[in-house]
Amino acid sequence: RKCMAFSATTVSAGQGLGVVVATGDNAEIGKINKLVSEVKNVKTNLIIQMEVLGQWLATIVVLIAIGAFLLAFFRAHEPFQHAFESAVSIAVAMIPEGLPALVTIVLALGTKKMADYNAIIRQLPCVETLGSLTVICSDKTGTLTKNEMTVVAVQSAAMLYKVTGVGYEPKGHVTRNGAELAVDESAAIQALLEGAVLCNDSSLNHDVANGRETWTPNGAPTEVALITAGLKAGLKVDQLKKVKPRIGAVPFESEHKFMATVHQFSSPDGGPGKQILYVKGAPDRLMPMCAGQLRSDSLNDVINSSVSDLAPLDLEYWKKAQEELSSQGLRVLAVCRGELLPGEDPTGLSPTALLKRQPALALVALIAILDPPRDEAIEAVKVAHDAGITVKMITGDHALTGLAIGKMLGIAGNGSVISGPEIDAMGDVQLRGVVNDCNVFARASPENKLRIVRALQTGPEYQGAMDGDDPDDDGPPPSKQPDSHTPSSSAANGTNGISSGSVEVTIDIEDKDDTEDDRPGRQVVAMTGDGVNDAPALKAADIGVAMGITGTDVSKEAAKMVLADDNFATIVAAVKEGRRVWDNLRKILLFNLPVNFAQGTSIFWAYVIGFQAPLTAIQVSRAGCGP
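Residues numbered from 1 in each chain as written. Predicted model: local features only at pLDDT ≥ 70, side-chain atom pairs only at ≥ 80, totals over all residues. Heavy atoms only, no water.

**Some details on the sheet that holds strand E22 (residues 561-563)**
So, point 1. What the 8 strands build is an open sheet, ordered E1-E22-E21-E20-E2-E15-E17-E16; its pairing is mixed. Looking along the sheet, the strands with just one partner apiece sit at the ends: strand E1 (119-121) and strand E16 (417-419). In this sheet, neighbouring strand axes are inclined to one another by 20° on average, regardless of whether the strands run parallel or antiparallel.
So, point 2. Pairing of strand E2 (residues 135-138) with strand E20 (residues 525-529) involves 3 bridges; the strand directions are parallel. The residue of E20 that forms the bridge with Val135 is Val525.
So, point 3. Its contacts with the sheet put helix H17 (residues 446-458) on E2, strand E15 (390-394), strand E17 (440-442) and E20, and the angle it makes with E20 is roughly 170°. (Pairing = 2+ DSSP bridges. Helix = DSSP H or I, 4+ residues; strand = E, 2+ residues; numbered from the N terminus. Axes fitted to C-alpha atoms, helices over the stretch in contact; angles between N-to-C directions. Contact = heavy atoms within 4.5 Å.)

**Quick look at the packing of aromatic side chains**
So, point 1. In this structure the tally under the stated criterion is 6 aromatic pairs.
So, point 2. Seen from their ring centres, Phe69 and Phe80 are 5.4 Å apart, and the 85° between their planes marks the pair as edge-to-face. Placement of Phe69 in helix H2 (residues 45-75) and of Phe80 in helix H3 (residues 80-94) is noted, with a sequence separation of 11 residues between them.
So, point 3. Each ring, one from Tyr317 and one from Trp318, has its centre 5.2 Å from the other, and the planes form 80°; the classification is edge-to-face.
So, point 4. Assessed through its relative accessible area of 26%, Tyr317 is described here as partly exposed. (Phe/Tyr/Trp six-rings, centres within 6.5 Å; stacked < 30°, edge-to-face > 60°. Buried < 20%, exposed > 50% of the residue type's maximum accessible area, 1.4 Å probe, protein only.)

**A word on unusual backbone geometry**
So, point 1. One non-glycine residue, Asn118, adopts positive backbone phi at about 70°.
So, point 2. The residue Asn177 is not glycine, and still its phi comes out positive at about 55°.
So, point 3. Locating Asn177 in the fold gives a position in the loop between strand E5 (174-176) and strand E6 (179-180).
So, point 4. We classify Asn177 as exposed; its relative accessible area is 72%.

**Structural notes on helix H1 (residues 28-38)**
So, point 1. Considered for burial, the residues of H1 that qualify are Gly30, Ile32 and Val36. Along the axis of H1, the buried positions cluster into a sector of 160°, meaning they face one direction only. (Arc of directions from axis to C-beta.)

**Some words on the nonpolar core**
So, point 1. Formed by 95 residues in total, the largest nonpolar core has its most connected members in Leu130, Leu277, Met561 and Phe568.
So, point 2. With 15 residues, helix H21 (residues 568-609) is the largest single contributor of residues to this core.
So, point 3. Excluding its chain neighbours within four sequence positions, the residues that come into contact with Met561 are Ala119, Ile120, Ile121, Leu130, Ile543, Gly544, Val545, Ala546, Ile571 and Ala574. (Core = buried A, V, L, I, M, F, W, Y, C linked by side-chain atoms within 4.5 Å.)

Keep in mind that these numbers describe shape and distance, not what the molecule does.
Below you can see the structure in the form of structure tokens.
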């Protein structure tokens, strides 16, 4: 569908002529609008409980009022009008007429308090519902993770280097086998990372204000991560770009999955030297363009190797290295280097021209990148678990990526992963039976989100084994059901044990043996989302949570709460405040109802015992009006 232009999207540049193939509800935006309109708004727990309380109060008040009227008329022999006035005054006295106002005030105060935590409430009753949550379904990127890509490993032709530190701030260093590099090794790793820094359109701005350093990314997160890695290795990025200026470039496009730049090197005598081509991108696209690899990680081989000096390309070695890094949920980029051929114009390069060239590049290194989890999100997940709330992660990433991040956050549970295609292959009843047992959902579409919400809200019915094959395979489940939905140990735990800060990817998760009696029923669900397609799931959830920074207007309109900072920890803070609000509402009921009931039941029991009524109808009505 690359040739399709969708309604309600904006053309940023260019022009074209098209044929309209769908309008109204048949267009993609129309389908989303129709799906949103078909989703019924879910009543909040507060509204449900207030309705139940109102029904019980009405029943009790009517029965007592009728009983008081009969006793006053037949037993106390009061006139009909007096007995009727007494019954009405009893009913008026027992009804807590100030309760709606008090509830509104408590909810409004709770809303103001939550706004201080960057949680903006769009519907007042949802304040209490937050305190009743049992499941939080969250996106991964930007909510549970920092959306700050971090280089954690560099695989060369000789060995694996690890890069410490998290985020864009260049605090950390490159290590080999856990030890810091020697001077000559540091120079070699700097040379290895030159291509990743030069073949780059992004920047990392450094500012100092009031004695405080700030590092502001400008551009694609992946490219900024490469610059940060270069700074950690000791590269002087600005100086490097001046010494080796760019004279040509091929921008990145999703069709060819690589970017290329040409840089002018200087000769030893200070004159113009070679024109070096750097290419970075998907390993499977760049490996066919390579004629060889570096012979070693020595500084001389890294800097001075030409096409004739390259070692033969060991495809099995690089493919195995890519698989091992990818199995840990890391994004892998390849960096290659070559020289322009005689007669090639650096300003006229194109993706097609590079793909048609004879393989002449040298595969320099594979770079593994991780989007680390937020530190506050890890702590917030622990708080949520202590409060009895299950956290589920729904991501569009690869299953192994989701599982690795899930283990870092402590939400991987028994290590099972269900992919979007597997959800599509399940019926609603079958999905209800497995959705509570899995905390990580990968390759999930917005439609999958809606089905997950409804399955959690409906409760389990299917008691069979969980369907699905290996999560690395996004195809439909096979006819035979395996014993486990867990990936292999090498895939789940990671061979190289890449870490993010102090949090290791390789975390052992104990299997949890849930009995049938332990299976939960109807859940109170919060669902996060930011896109237009997320609107149906946000509306269907008990609490739809939209992202304030990255969220679309459609998602914010469908949600009941908006996160001003797009942070998962804000949801947990709002849940804490919601429970405090519910506690205050209980205290108000415990105070109000006995006071109101005392006025009415005192007259009723006086009639039962045979005493004279302690309060007249006028006195009861006056007391109900307040001071």
